[in-house]
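A structural walkthrough
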Amino acid sequence: MQILSFINYWVNITAIYSIFALSLNFQYGHGGLINFGQVFFLCFGAYTVAITAQLGVNFAVSIVLAMAVSGFVGFLMSYTARNMGGTYWGIATLAVGEIVRIFFLNENWAAGGANGISFDVKIPYFEMVTLTLAALSFGFTRAVMASPFGRVIKAIREGDNLPLSLGKDVFSFKKKTMAIGGIIGGLAGALFAYQKQFINPEDFMPIETFIVWAMVVVGGKGRDMGTLGGAIIIQIFYVGTRFAKDFLPIDSNTLAALRMIVIGLLIMFVMMYRSKGFFPEKRRLYKVT
Amino acid sequence: MYSMIPQLIVNSLITSAVLAIIGIGLTMCFDILKFGNFAHTELAVLGAYLVFFFNVQIQWNLAVAMALAAVLTGLFAMFVDRLVFKKMREVVDVIPMITSLGLSIAIRNGIRAIWGSDIRVYDVQLSSGVQIFGAHFTYSQIWILGIVTVSMVGFHLLLKKTKLGKAMRATSDNRDLAEASSIDTERVTLYVWFIGGSFAALGGAMIGWDTQIDPMMGFMIVIPVFCVVLLGGIGNIYGVIIGAIILGFVQNFGIFIDFATLINLGGLLNIVDRVLIPVDYKPVIPFVILVIILLFKPSGILGKEKGK
């Protein structure tokens, strides 16, 4: 029975992080936006759900609300990208992510402050729901990337000049990229809250951003299938090593540290030797006739 | 309120000194290698823990411990450059930046695995310190200000008076041109890592000397240090000093200033009574400043104008 509930947990968390990784891959892998504050989407999505679910709003509506809030946050965030170069923007987003977390930590009226916020809503067949939504997110990003819009944001990733010369409004495309990424990230946050039934600011430490970055770079940026692969690999490792303390003579603090060392080294090695990831993006060639 | 000003100045100076000495390595590395090294503050934490090892665990004198920690951290920084970042001189800046993110996670958790997550303090005698102009200095704070001043002056002399300093300035101005003038830029880069690493280690040790250390402190200071570097303009070591002073003072004074006068337009209106930034938001101040600089003046206050 225990093993069954554990598998349930693993399926849920992997599906949720896959959605979260898809949202980062959409922004960074496809759109070239280096967002080191990705966790704020998770944060806004989760808090929207926690607050609305407490008020008795039903599951579907609260999820849609979470996606809307998060998408709007992404849209607002994109305004800072207008006059910032890629890496500068990365540093700024890291700062914004922390500002958001410290806000929720200190404002008790907003959502319980450091004590967090809990609600008791059980969703039947929750793993079916998360898997379906993960599949839908995957299909959605694939569909977007197959559209003309997808081709333009890919072109923008390679530099602003070419799309500008074709008369594309680069900034407006970046805004949409951030908003769509935010909507997907908000969905991940919403499911994260329903999975845990309790959230507090500790859940939204910058380390969550780095783990999801590890998923995207290990899997292969710019390829949704690769991102899913990365999410599954990292989650197997992350959740699986929790059991290592049962048969290894180390305490849980050291174990947590060792686990993060492996994640850090993995990011480094992938960047050093396989900077395209384990499932690199396929180049699509268009026939010129 | 006014009686607190001297003490606030002292606190601001200490914050500034630590940020400046850590920021110097980051700004040089950012300038010469063209990427923001997120692992830089982890070098400070490593230095702080090496001092803890020498000073507390094997009971050596604090001065010896700090000198050894600075050298070892400098060597470690050189080693990391050889092993990791040397391969990435020619690629776009995103790749080394993400690599440094991975490196920072690895170092931080390495420290956590070796020394544990507990808060640590050095073996320093508590003393009453001295009163200067109504402000209280501990002896360690006087030493900190002294060491930072000496290091800064020393580094200034190195840059301006020695051949190595000239080579560093040339490499930072234009790497290709420096290479064409037969400057061994790879060797210069190694020196930059060494100096940056040792300075960071000293900065980390100063945090431990003044207060306490824990493995997560590297992340706590990474944004403030980036903020200082960007305020001053990347590659400008005098800018780092000015940026550190600005940030140190704003952070310490910010939570004591009553913004009511400002909002009431100096007495014209009477909208609010007292508007203070809550103490809990003190750590947010550098974050907000950072975002504002990046939005409006990414080249910093003293930044060299790098043409488009």
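Look above for the structure.
Residue numbers restart at each chain and count upward from 1, following the sequence in its written direction. Each chain gets a letter, beginning with A, and each ligand a number, beginning with 1, in the order they are written. Predicted model: local features are reported for residues with pLDDT of at least 70 only, side-chain atom pairs are reported and counted for 80 or more only, and whole-chain, interface and lining totals are derived from all residues.

Right, let's get into the environment of A:S62. Residues and elements named next belong to chain A. Checked against the element boundaries, S62 lands in helix α3 (residues 59-78). Between the C-alpha atom of S62 and that of T48, which follows or precedes it by 14 residues, the distance is 7.3 Å. Apart from residues lying up to four places away in sequence, S62 is in contact with V49, T52, A53, V57 and A190. Only runs of H or I of at least four residues qualify as helices and only runs of E of at least two qualify as strands under DSSP, and these elements are numbered from the N terminus. We call two residues in contact if the C-beta atoms placed from their backbones are at most 7 Å apart.

Let us now look at the nonpolar core. With 171 residues, the main nonpolar core has A:I19, A:A214 and B:L290 as its most contacted residues. A per-element tally of this core places helix α1 (residues 5-33) of chain B first, with 16 residues. Note on definitions: a nonpolar core is a set of buried residues drawn from Ala, Val, Leu, Ile, Met, Phe, Trp, Tyr and Cys, linked by C-beta atoms within 7 Å. Residues with at least 20 neighbouring C-beta atoms inside 10 Å of their own are called buried, those with 12 or fewer are called exposed, and the rest are partly exposed, where every C-beta is derived from the backbone.

By this rule the span expected of a helix is its residue count minus one, scaled by 1.5 Å. Taking 1.5 Å of rise per residue, the 18 residues of helix α10 (residues 237-254) of chain B would be expected to cover 26 Å, and the 25 Å separating its terminal C-alpha atoms lies within 8% of that figure. Its buried side turned inward, α10(B) meets α1, α5 (139-161), α9 (217-232) and α12 (284-296) of chain B.

Moving on: the interface of chain B and chain A. Listed per partner, the contact involves 36 residues of chain B and 35 residues of chain A. For the side of chain B that touches chain A, the elements supplying multiple residues, two or more each, are α4 (94-115), α9 and α12 of chain B. A total of 14 residues in the side of chain B that touches chain A trace back to one element, the largest contributor, which is α4(B). Partitioning the side of chain B that touches chain A into residue classes produces 25 nonpolar, seven polar and four charged. Each residue gets one label: Ala, Val, Leu, Ile, Met, Phe, Trp, Tyr, Cys and Pro are nonpolar, Asp, Glu, Lys and Arg are charged, and the others, such as Gly, are polar.

Looking at the secondary structure, you find A:I233 in helix α11 (residues 224-240). Along the chain, A:I233 and A:D203 lie 30 residues apart, while their C-alpha atoms are 21 Å from each other.

A few words on helix α10 (residues 206-219) of chain A. Here α10(A) contains 14 residues, and its C-alpha end-to-end distance of 20 Å stays within 8% of the 20 Å for a straight helix at 1.5 Å per residue. The element α10(A) is extensively covered by neighbouring structure, given that eleven of its 14 residues are classed as buried. Buried within α10(A) are the following residues: A:T209, A:F210, A:I211, A:V212, A:W213, A:A214, A:M215, A:V216, A:V217, A:V218 and A:G219. Those residues of α10(A) that are buried lie in contact with α1 (2-30), α2 (39-54), α4 (86-106), α11 and α13 (252-273) of chain A together with α4 of chain B. A positive phi of about 125° marks A:G220, the residue just after α10(A).

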